[in-house]
Amino acid sequence: MEEKQPSFIRKISRIISDFFNPLISLVIFFIYMSIKNYAVKDSLLYFVPILLMIILPIIIWLVWNVKTGRYTNMDVSDRRQRKSLYFFIAGCVISYLIFNYFENGYVDFVMLFIFILLLTMQISNYFIKSSMHTAFNIFVAALFFCDG
């Protein structure tokens, strides 16, 4: 039997979904903030901990769980599967907040509000399937708007 190829619309929607993945949106914002507000060295000191403590661990967690079959896809579309993802992300964000506080002496309010958004999404996930893509992209859009 011949395998049916995805339609053009599905391919485009997949590209859009991947591009507007919350991780990619947040990475774009943090790179923008690093370049705009800091010199090169300070920019690296700001972005590298976020990369190493939040972004890379989440990507590794997602890939590992998809490969082992615990998640059906990288978007974690099944809300029952999202429970462990929320806990993992929360752990990453809390570890970064603690690190940043002791290293730099202040609370990173962007990360604190990401944590609050994550908690809100986790609670709502028990009742409805909340769109992580929509929530985080609206948050990132608000960050860009407030910064501009």
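Heads up: the structure comes first, above all this text.
What counts and how
Residues numbered from 1 in each chain as written. Predicted model: local features only at pLDDT ≥ 70, side-chain atom pairs only at ≥ 80, totals over all residues. Heavy atoms only, no water. Axes fitted to C-alpha atoms, helices over the stretch in contact; angles between N-to-C directions. Helix = DSSP H or I, 4+ residues; strand = E, 2+ residues; numbered from the N terminus. Parallel < 35°, antiparallel > 145°, perpendicular 65-115°, else oblique. Contact = heavy atoms within 4.5 Å. Nonpolar A, V, L, I, M, F, W, Y, C, P; charged D, E, K, R; others polar. Patch = residues over 30% accessible without salt bridge, like charges linked within 9 Å, V, L, I, M, F, W, Y side chains within 5 Å. Areas by Shrake-Rupley, 256 points an atom, 1.4 Å probe, with all protein chains shown as cover. Salt bridge = Lys/Arg side-chain N within 4 Å of Asp/Glu carboxyl O. Bend = angle between axes of the 7 residues up to and from the residue. Buried < 20%, exposed > 50% of the residue type's maximum accessible area, 1.4 Å probe, protein only. Core = buried A, V, L, I, M, F, W, Y, C linked by side-chain atoms within 4.5 Å. Phe/Tyr/Trp six-rings, centres within 6.5 Å; stacked < 30°, edge-to-face > 60°. Left-handed = near helix turned anticlockwise from the far one by under 90°.

A. Looking closely at the packing of helix α2 (residues 22–37) against helix α3 (residues 40–67). The contact between α2 and α3 brings their axes to 10 Å, and the two run at 170 degrees. Between α2 and α3, the angle falls in the class roughly antiparallel. Taken together, the residues of α3 that come into contact with α2 (itself represented by L23, V27, F30, I31, M33, S34 and I35) are S43, Y46, F47, I50, I55, I58, I59 and L62. Along the lines of polarity and charge, the residues of the contact of α2 with α3 split into 13 nonpolar, two polar and no charged.

B. View of a nonpolar patch on the surface. A contiguous nonpolar surface patch, about 1,000 Å² in accessible area, is contributed by F8, I9, I12, I15, I16, F19, F20, I24, I28, Y32 and F144. Here the element with the most residues in the nonpolar patch is helix α1 (residues 8–19); it accounts for six residues. Mapped onto the elements of the fold, F19 is located in helix α1.

C. Molecular detail of the side chain of S25. Within the secondary structure layout, S25 lies in helix α2. Look past the residues within four positions of S25 in its chain and what remains in contact with it is F20, N137 and V140.

D. Representation of α3 in the model. At L51, α3 shows its strongest bend, of approximately 45 degrees. Among the residues of α3, those classed as buried are S43, Y46, F47, P49, I50, I54, I55, I58, W61, L62 and N65. In the core, the buried residues of α3 are packed alongside α2, α4 (79–104) and α5 (109–125). Directly beyond the C-terminal end of α3, a positive phi value near 90 degrees is found at G69.

E. Structural context of the nonpolar core. By size, the foremost hydrophobic cluster in this structure holds 36 residues, and its most contacted members are F30, L85, M111, I114 and M132. The set of elements that each furnish at least two residues to this core consists of α2, α3, α4, α5 and α6 (132–147). In this view, M111 contacts F30, I50, I54, V93, Y96 and L97; residues no more than four positions away in its chain are not counted.

F. Molecular detail of the packing of aromatic side chains. For the structure shown, the criterion picks out nine aromatic pairs. Ring centres of W61 and F88 lie 4.3 Å apart, and the angle between their planes is 5 degrees; this geometry places the pair in the stacked category. Remark: F88 occurs in helix α4 and W61 occurs in helix α3; sequence separation between them is 27 residues. An aromatic cluster is built from F29, F30, Y32, Y38, Y46 and F144, whose rings are joined through pairwise contacts.

G. Representation of the packing of α4 against α5. Between α4 and α5, whose axes approach to 10 Å, the crossing angle comes to 160 degrees. With respect to α5, the axis of α4 lies roughly antiparallel. As α4 runs across α5, the sense of the crossing is left-handed. Together, R79, R82, K83, Y86, F87, I89, A90, V93, I94, Y96 and L97 of α4 and M111, L112, I114, F115, L118, M121, Q122 and N125 of α5 make up the contact between the two elements. For the contact of α4 with α5, the class distribution of residues is 14 nonpolar, two polar and three charged.

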